[in-house]
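# Coordinates in review
Residue strings, one per chain:
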Amino acid sequence: MTRGIVAVAAVAALAVAGCTSDEPGTATTAPKRNFQPGADGVGDPYFPKYGNGGYDVRNYALKLKYDPRSDELSGTATVTAVATADLSRFNLDFSGLSVSSVSVNGKPATEAREEAELVVTPGAGIAKDAEFTVEVAYAGKPAPIQSADLGEGGFLHTDDGAIALGQPESASSWFPVNDHPTDKATYDIEIAVPQGLEALSNGVPGEKADADGWTTWKWSEKVPMASYLAYLAIGEYRVETSTHNGKPMVIAIPESLPEGGDAEDSMARTGEIVDFLETQFGPYPFEAYGGVVVDDDRIGYALETQSRPVYGGVWFKQNRNLVVVAHELAHQWFGDSVSIAQWKDIWLNEGFASYAEWLWTEKDGGPSVQESFQQEYDDTDWQNPTADPGRTGIFSRAVYKRGALTVHALRLTIGDDDFFNLLKTWTAEKRNGNAATADFVTVAERVSGESLDGFFDRWLIGDTPPEIPR
Ligand code: ZN
């Protein structure tokens, strides 16, 4: 072993560019201001340009219109943010679409485009700690994003509408955004589509309104959300709205998939699976539930979009598939409510979501967690690290399955009581926040009272099979 996991994660302390200490203002002298440009990225080692420095977004209010006949998206994004530094200008991540105007606090601002960045220069500097709003009017034909050999993400024009979806990035293909999981914000999304089509997104549904051949759908995500979890699904869907635990549950199935088929069958188990996961992980963290199945060959995956995952139809073509539902719903705690600090921490999402597959499988009468663990252990290639898996390794088996092995080995090491207490403590303490691998080690050691550095080194990054705890 060449490096320790705690040391590796400690260097991961997030670079929030432009973060300076408070100026010591007095009652009589205004603080001296030195307005500087915000950084063009948050400095994530895998994706240095993702996100931007100098501000923290509180809310995105999107008022959009999409016409699948012309593939034209248009509208305005109002971004409410707080400056974390004295800003002369700042960036938003935004690709493709044409910007017609930008204002800051209602006053015209200058805009420039630099690759996937929108550079906004307000008429006057923005003081640290000031709240400000940016309004961007834009239009055009949205284009998908090719990110980092990780496949196509972002806005896809489909046969009957569109799907905006993708990890590690997608948002910047349809709205200007601070596109890194560390800047979580609430969202109010209005999307007008030709009457007769459905338009799904995150969170609680609002009132629909019809006018002049268009239907405006409204969605609001009231709990802070990482930008890659924002999505749109537009097209012909059967949408069912119900209530679960007093909160709205929205299930959407494409018209192209059979009524009463495997997709519908699997989605119908959402409430039951969430309720089971609540017993393992603690209270469900959001204000809405549901699932959206999409039918487009380019979506060969599912994504844990906040409060309502999106599932590629491929998951349900052969059979109902509850394991993927358990996986995406587990992400509501691990990934969505507790978000990663940097992309190299992604096993904190995928390891736990994969572990939830084993928990659900056991609960549903299949193989025990111990059996799933042993099978995966026997098949594992220990050369591939789970923590810091490399930029193109963020969806690797080592992240998902060796991550789940680590979680179960931890359970075997500290015992069931401490383990489930740890999961609930973690999701409660880090709720709506961000966390790194080193933070998890810290909380695990505190809850269990055991020293676990060596344990995490062996299970997350060691290159030989670790001894299975008994
Ligand atoms: Zn996952």
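The preceding data block contains the structure.
Residues numbered from 1 in each chain as written. Predicted model: local features only at pLDDT ≥ 70, side-chain atom pairs only at ≥ 80, totals over all residues. Heavy atoms only, no water.

This next bit is on the overall build of the protein chain. In terms of regular secondary structure, the protein chain is built from 10 helices and 25 strands. Relative to its length of 470 residues, the protein chain is compact, with a C-alpha radius of gyration of 22 Å against a globular reference of 23 Å. On the principal axes, the C-alpha backbone points of the protein chain span a range of 65 × 60 × 40 Å. In the protein chain, which comprises 470 residues, the proportion classed as buried is 58%. When contacts within the protein chain are restricted to residue pairs at least 6 apart in sequence, long-range pairs at least 24 apart make up 70% of them. For the protein chain, the accessible surface area stands at approximately 18,200 Å², while carbon and sulfur atoms represent 47% of it. Taken as two groups, the 37 positive and 70 negative side-chain charges of the protein chain have centres that lie 4 Å from each other. (Helix = DSSP H or I, 4+ residues; strand = E, 2+ residues; numbered from the N terminus. Rg over C-alpha atoms; globule rule 2.2 N^0.38 Å. Buried < 20%, exposed > 50% of the residue type's maximum accessible area, 1.4 Å probe, protein only. Contact = heavy atoms within 4.5 Å. Areas by Shrake-Rupley, 256 points an atom, 1.4 Å probe, with all protein chains shown as cover. Lys, Arg positive; Asp, Glu negative; His and termini not counted. Charge placed at Lys NZ, Arg CZ, Asp CG, Glu CD.)

The protein atoms that coordinate the zinc ion are His 327 (NE2), His 331 (NE2) and Glu 350 (OE), at distances spanning 1.8 to 2.0 Å. Mapping the donors of the zinc ion onto the primary sequence gives the spacing H-x3-H-x18-E. Of the two residues, His 331 sits in the loop between α4 (322-330) and β24 (338-340) while Glu 350 sits in helix α5 (residues 347-363), which places them 19 residues apart along the sequence. A single burial state applies to His 331 and to Glu 350, both of which are buried. (Donors = N, O, S within 2.8 Å, 3.2 Å for Na, K, Ca; no water.)

Moving on, we come to the sheet that holds strand β23 (residues 310-312). Here we have five strands laid out as an open sheet, ordered β19-β20-β21-β23-β22, and mixed in their pairing. Sheet topology places β19 (237-244) and β22 (302-303) at the edges, where each strand pairs with a single neighbour. Bridging between β22 and β23 involves two bridges; their strand directions are antiparallel. Opposite Ala 302, over in β23, you have Tyr 311 as the bridge partner. The strands touched by helix α3 (residues 270-281) are β19, β20 (247-254) and β21 (289-294); relative to β20, the strand with the most contacts, the crossing angle is about 130°. Here α4 sits on the sheet in contact with β22 and β23, set at roughly 145° to β23. (Pairing = 2+ DSSP bridges. Axes fitted to C-alpha atoms, helices over the stretch in contact; angles between N-to-C directions.)

Here we come to helix α6 (residues 369-379). Of all the positions in α6, only Val 369, Ser 372, Phe 373, Glu 376 and Tyr 377 are classed as buried. All buried residues of α6 lie within an arc of 130° about the axis, which places them on one face of the element. Turned more than 90 degrees off the buried face of α6, the exposed positions are Gln 375 and Asp 378. Those residues of α6 that are buried are in contact with α5, α7 (397-414) and α10 (453-461). (Arc of directions from axis to C-beta.)

Moving on, we get to the sheet that holds strand β18 (residues 232-235). Read across the open sheet, the five strands follow the order β10-β11-β12-β18-β14; overall the sheet is antiparallel. Every other strand in the sheet has two partners, leaving β10 (144-146) and β14 (198-200) as the edge strands with one partner each. Within this sheet the neighbouring strands show an average axis-to-axis angle of 15°, counted without direction. Sheet topology note: the β10/strand β11 (residues 152-157) ladder contains three bridges and is antiparallel. Of the residues in β11, the one forming a bridge with Gln 146 is Glu 152.

Two elements in contact, α3 and helix α8 (residues 416-429), have axes whose closest approach is 8 Å; the angle formed by their N-to-C orientations is 100°. Classified by the interaxial angle, the pair formed by α3 and α8 is roughly perpendicular. The residues of α8 that touch α3, namely those facing Glu 278, Thr 279, Gln 280 and Phe 281, are Phe 420, Leu 423, Lys 424 and Thr 427. The residue makeup of the contact of α3 with α8, split by class, is three nonpolar, three polar and two charged. (Parallel < 35°, antiparallel > 145°, perpendicular 65-115°, else oblique. Nonpolar A, V, L, I, M, F, W, Y, C, P; charged D, E, K, R; others polar.)

Let us look at the pattern of salt bridges. Scanning the model with the defined rule gives 16 salt bridges in all. Residue Arg 33 pairs with Asp 86 through a salt bridge whose shortest N-O separation is 2.7 Å. Remark: Asp 86 occurs in the loop between β3 (72-83) and β4 (87-93) and Arg 33 occurs in the loop between α1 (5-10) and β1 (36-37); sequence separation between them is 53 residues. For Arg 33, a relative accessible area of 36% corresponds to the partly exposed category. The partner of Arg 269 in a salt bridge is Asp 364, and the shortest N-O contact between them spans 3.8 Å. Separated by 95 residues along the polypeptide, Arg 269 in the loop between α2 (262-267) and α3 and Asp 364 in the loop between α5 and α6 bring together distant segments of the chain. Put simply, Arg 238, Glu 255 and Glu 264 are held in one network by salt bridges that share partners. (Salt bridge = Lys/Arg side-chain N within 4 Å of Asp/Glu carboxyl O.)

Applying the stated rule across the entire model yields 35 aromatic pairs. Arranged with centres 5.0 Å apart and planes meeting at 85°, the rings of Trp 426 and Phe 440 form a pair that is edge-to-face. Here the residue Trp 426 occupies a position in helix α8, and Phe 440 occupies one in helix α9 (residues 437-448), the gap between them amounting to 14 residues. Among the residues examined, Trp 426 registers a relative accessible area of 2% and is labelled buried. (Phe/Tyr/Trp six-rings, centres within 6.5 Å; stacked < 30°, edge-to-face > 60°.)

In contact at an axis separation of 8 Å, α5 and α6 are set at 135° when each is read in the N-to-C sense. Between α5 and α6, the angle is such that the two are oblique. Contact with α5, carried on its side by Tyr 355, Trp 358, Leu 359 and Glu 362, involves Val 369, Ser 372, Phe 373 and Glu 376 of α6 and no other residues of that element. In terms of residue class, the contact of α5 with α6 is made up of five nonpolar, one polar and two charged.

Looking now at the side chain of Arg 411. By the secondary structure assignment, Arg 411 is in helix α7. Owing to a relative accessible area of 13%, Arg 411 belongs among the buried residues under this scheme. In this structure Arg 411 touches Tyr 355, Leu 359, Val 369, Asp 416, Phe 419 and Phe 420, once residues within four positions along its chain are discounted.

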